[in-house]
Amino acid sequence: MKDTMLRRFAEIFGDAEGVQVYFAPGRVNLIGEHTDYNGGHVFPCALTIGTYGAVRKRQDRKLRFFSMNFEQLGVLESSLDELKPDPRADWTNYPKGVIWAFGEKGMETPTGMDLLLNGNIPNGSGLSSSASVEVLTGFILRDLFGFEVSNQDLALIGQYSENRFNGVNCGIMDQFAIAMGRKEHAIFLDTADLSYEYAPIKLDKAKIVIACSNKKRGLGDSKYNERRSECETALEELRKVCGVNSLGELTEEAFEKHKDSIGSETRQRRARHAVYENRRTIAAVRALQENDVAAFGRLMNDSHLSLRDDYEVTGLELDTLVEEAWKVEGVVGSRMTGAGFGGCTVSIVEDRAIDDFIARVGAAYQEKIGYSADFYVVEVGDGPCKM
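Residues numbered from 1 in each chain as written. Predicted model: local features only at pLDDT ≥ 70, side-chain atom pairs only at ≥ 80, totals over all residues. Heavy atoms only, no water.

Draft legend 1. Structural context of the packing of aromatic side chains. Applying the stated rule across the entire model yields 16 aromatic pairs. Note on F23 and Y52: the rings are 4.7 Å apart at their centroids and 45° apart in plane angle, and the pair reads as tilted. Residue F23 is found in strand β1 (residues 20-29), and its partner Y52 is found in strand β3 (residues 44-57); the two are separated by 29 residues along the sequence. Its relative accessible area of 9% is what places F23 among the buried residues. Overall, Y52 belongs to the buried group, its relative accessible area being 12%. Plain terms: the ring middles of Y365 and Y371 are 6.1 Å apart, the flat faces sit at 80° to each other, and that makes the pair edge-to-face. Residue class for Y371 comes out partly exposed when judged on its relative accessible area of 30%. Members of the aromatic cluster, joined through ring pairs, are F43, F188 and F296. When the ring centre of Y160 is taken as reference, the NZ or CZ atom of K105 above it lies at 4.0 Å. Taking NZ or CZ as reference, R182 lies 3.9 Å from the ring centre of Y198, over its face. (Phe/Tyr/Trp six-rings, centres within 6.5 Å; stacked < 30°, edge-to-face > 60°. Helix = DSSP H or I, 4+ residues; strand = E, 2+ residues; numbered from the N terminus. Buried < 20%, exposed > 50% of the residue type's maximum accessible area, 1.4 Å probe, protein only. Lys NZ or Arg CZ within 6 Å of the ring centre and 35° of its normal.)

Have a look at this one:
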């Protein structure tokens, strides 16, 4: 891939002298969905697919961007003096946002750059292509200009840029999982205080399979911010009777005791998902540590039902993929992953059943939805690196 990136860089920008190549992974969340902005736990892992970047410093303040995934857009130009969100800037708002965020944190980028990207994360899949670009950009800035920031700082800066520059009120999970990834481990992260531990992914004779619905969706124009607002209102209502700082602090029993203080049935269901999903995530990690993969799978299934019925973020496409997966012998567990409203499902599938799973789920999805899904048997990878 490095040679491909250098060759393409030379074609676009004239030559490849002085060019350096970097990589940041995508991520998948195994369980713990829509808990990260509710002070709960998540359990994501970095993947071996992600975003590659070839970059060279310039002597002026010009920024030139090119993506091999959006070649029809050509070279998009900007400047360090024009760091503001612009719909016409398309995908370049993500790296521009990170450069802006570094400046907001007192780390001004001194010179411009030429940046070529190539991602093998499906666009709009929910595997965090935007967060991958953000962490990659931060990693590049740190290496090129010597900024003293940790990988955890890169995650926080990426989140800050997405919140403040791109207007998506995302939690910390995506950027954290990408910046802090470790091969063959998932990250059990408490989003309330960013304490975390690595948990080995030991799936005896089974693999993680991603099914991409190919229904495109963008977080900024989805109901993501609406769900977050509903949970924040529910929390304010609960605070009046039990004084919690986040929904993630509540046990199931405490929630059931105080839920009537939430003024609408819809907000009750949103908060119930946040509370119960957090507890499911804690139980799921414990099951994995005890090598009880079957219990982990059952909790994945319960997670999807909650996301479908209480949080209402699945939709026909994701429900079809999951419900068809549940019919296949050898599927340990299956659920939607990511923000929802399209994107992907994640399944744990026994090795012997993978081909049958892809064939049967794929055929049923094509018949019901009218277009095909894509399937990826993935491996758990490391965080960002220089190639």
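What follows continues from the structure just given.
Draft legend 2. Here's a closer look at the sheet that holds strand β4 (residues 62-67). If you walk across this open sheet you meet the 6 strands as β5-β4-β6-β3-β1-β13, and the pairing is mixed. Bordering the open sheet on either side are β5 (76-79) and β13 (385-386), each of which pairs with just one other strand. Here β4 pairs with β5 via 4 bridges, running antiparallel. Residue pairing in the sheet places F65 in a bridge with L76 of β5. (Pairing = 2+ DSSP bridges.)

Draft legend 3. Spatial organisation of helix α9 (residues 293-309). The end-to-end C-alpha distance of α9, which contains 17 residues, comes to 25 Å, matching closely the 24 Å that a straight helix rising 1.5 Å per residue would cover. Taken together, the buried positions of α9 are occupied by V293, A295, F296, G297, L299, M300, N301, S303, H304, S306 and L307. Here the buried face of α9 lies against α8 (265-289), α10 (315-326), β10 (331-337) and β11 (344-350). (Expected span 1.5 Å × (residues − 1). Contact = heavy atoms within 4.5 Å.)

Draft legend 4. Here's a closer look at the nonpolar core. Counting residues in each nonpolar core, the largest one holds 43 residues, and the members touching the most others are F102 and L141. Those elements that place two or more of their residues in this core are β1, β4, α2 (93-104), β6 (113-119), α3 (129-145), α4 (151-164), α5 (173-179) and β7 (185-190). In this structure, L47, A199, I201 and V332 belong to the second largest nonpolar core, which totals 31 residues. (Core = buried A, V, L, I, M, F, W, Y, C linked by side-chain atoms within 4.5 Å.)

Draft legend 5. Focus on the layout of surface pockets. Taken as a whole, the second largest pocket encloses approximately 220 Å³ of empty space. Forming the walls of the second largest pocket are K183, E184, I201, L203, A206, K207, I208, V378, E379 and V380. Here the lining of the second largest pocket takes 3 residues from strand β9 (residues 206-212), the largest share from any one element. Classifying every residue of the lining of the second largest pocket gives 6 nonpolar, no polar and 4 charged. (1 Å grid on protein atoms, 1.4 Å probe; cavity = no way out; pocket = protein on both sides within 12 Å on 5 of 7 lines; lining within 4 Å. Points joined across faces, edges and corners; volume = space filled by probe spheres on them. Nonpolar A, V, L, I, M, F, W, Y, C, P; charged D, E, K, R; others polar.)

Draft legend 6. Examining the pairing of β6 more closely. Where burial is concerned, most of β6 is hidden: 7 out of the 7 residues are buried. Across the two faces of β6 the burial is the same, with M113, L115, L117 and G119 and D114, L116 and N118 all buried. Looking at chain direction, β3 and β6 are connected through 7 bridges and run antiparallel. Looking at the pairing, R56 lines up with D114 of β6. Strand direction decides the pairing type here: β4 and β6, joined by 5 bridges, are parallel. Looking across to β6, one finds that S67 is bridged to L117.

Draft legend 7. How the structure looks around the environment of G97. Checked against the element boundaries, G97 lands in helix α2. We classify G97 as buried; its relative accessible area is 0%. Taking the C-alpha atoms as reference, G97 lies 7.5 Å from P85; in sequence the two are 12 residues apart. Once residues lying within four places of it in the same chain are set aside, the contact partners of G97 are S161 and F165.

Draft legend 8. Quick look at the packing of α3 against α4. Orientation of α3 relative to α4, taken along the N-to-C sense of each, is 125°, at an axis distance of 9 Å. By the angle between their axes, α3 is oblique relative to α4. α3 and α4 meet at a crossing whose hand is right-handed. Contact residues: S130, E134, G138, F139 and R142 in α3; N151, L154, G158, S161 and E162 in α4. Looking at the contact of α3 with α4 residue by residue, the class counts come to 2 nonpolar, 5 polar and 3 charged. (Axes fitted to C-alpha atoms, helices over the stretch in contact; angles between N-to-C directions. Parallel < 35°, antiparallel > 145°, perpendicular 65-115°, else oblique. Left-handed = near helix turned anticlockwise from the far one by under 90°.)

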